[in-house]
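One letter stands for each residue in the lines below.
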Amino acid sequence: MPIREYAAADPKKSCTHCKVGFEEVETMEAKALGACPECGSKIARQLSSPSVGGSQSGLHDRAKNAGFTTYKKSSKGEYEKKY
Ligand SMILES: [Zn+2]
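Read on for an overview of the structure. (Residues numbered from 1 in each chain as written. Predicted model: local features only at pLDDT ≥ 70, side-chain atom pairs only at ≥ 80, totals over all residues.)

A few words on the overall build of the chain. Along its length, the chain carries 2 helices and 3 strands. Starting at the N terminus and ending at the C terminus, the chain contains elements arranged as β-α-β-β-α. Contacts in the chain between residues at least 24 apart in sequence constitute 44% of all its contacts with a sequence separation of at least 6. (Helix = DSSP H or I, 4+ residues; strand = E, 2+ residues; numbered from the N terminus. Contact = placed C-beta atoms within 7 Å.)

Set out below in structure tokens:
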């Protein structure tokens, strides 16, 4: 599930909820929030998310490891079949 980060567009017009920023889990169909649900101030979506980059590289490593494991298993299986 995608998690979108928001923070107050104008820190002067923000509550404690949106001043530090918050995360919203949204579906693909859901519209991006335009205002803080707590105080109604204008909020801006935060595009830079360190957790997204971390999970992407983690997935890449896991895919590489999984592919390597699968390859080893299948080649071993073929070897055993020929025998
Ligand atoms: Zn707010």
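Quick look at the sheet that holds strand β3 (residues 43-46) now. Strand order across the open sheet formed by 3 strands is β2-β1-β3, with antiparallel pairing between neighbours. Either end of the sheet is taken by a strand with one partner, and the two such strands are β2 (22-25) and β3. Recorded for the sheet is a direction-independent mean angle of 40 degrees between the axes of neighbouring strands. Summarising the sheet, strand β1 (residues 3-8) and β2 pair through 4 bridges and their orientation is antiparallel. Residue pairing for β2: R4 is matched across the bridge by E24. (Pairing = 2+ DSSP bridges. Axes fitted to C-alpha atoms, helices over the stretch in contact; angles between N-to-C directions.)

A separate point is the nonpolar core. Generally speaking, a soluble globular protein has its nonpolar side chains buried in company with each other. Counting 5 residues, the largest nonpolar core is built from Y6, A8, C18, C36 and I43. When near neighbours in sequence (up to four residues on either side) are disregarded, C36 contacts A8, C15, H17, C18, S41 and I43. (Core = buried A, V, L, I, M, F, W, Y, C linked by C-beta atoms within 7 Å. Buried ≥ 20, exposed ≤ 12 C-beta atoms within 10 Å, placed from the backbone.)

Turning to the environment of K13, a few remarks are in order. Residue position: K13 is located in the loop between β1 and α1 (16-19). On a C-alpha basis, the gap between K13 and I43 in space is 9.7 Å, while along the polypeptide they are 30 residues apart. Dropping the residues within four chain positions of it, K13 is found in contact with A8 and S41.

To continue, consider the environment of G21. Here G21 shows up in the loop between α1 and β2. For G21, a count of 14 C-beta atoms within 10 Å corresponds to the partly exposed category. For G21 and Y6, which are 15 residues apart along the polypeptide, the C-alpha to C-alpha distance reads 5.3 Å.

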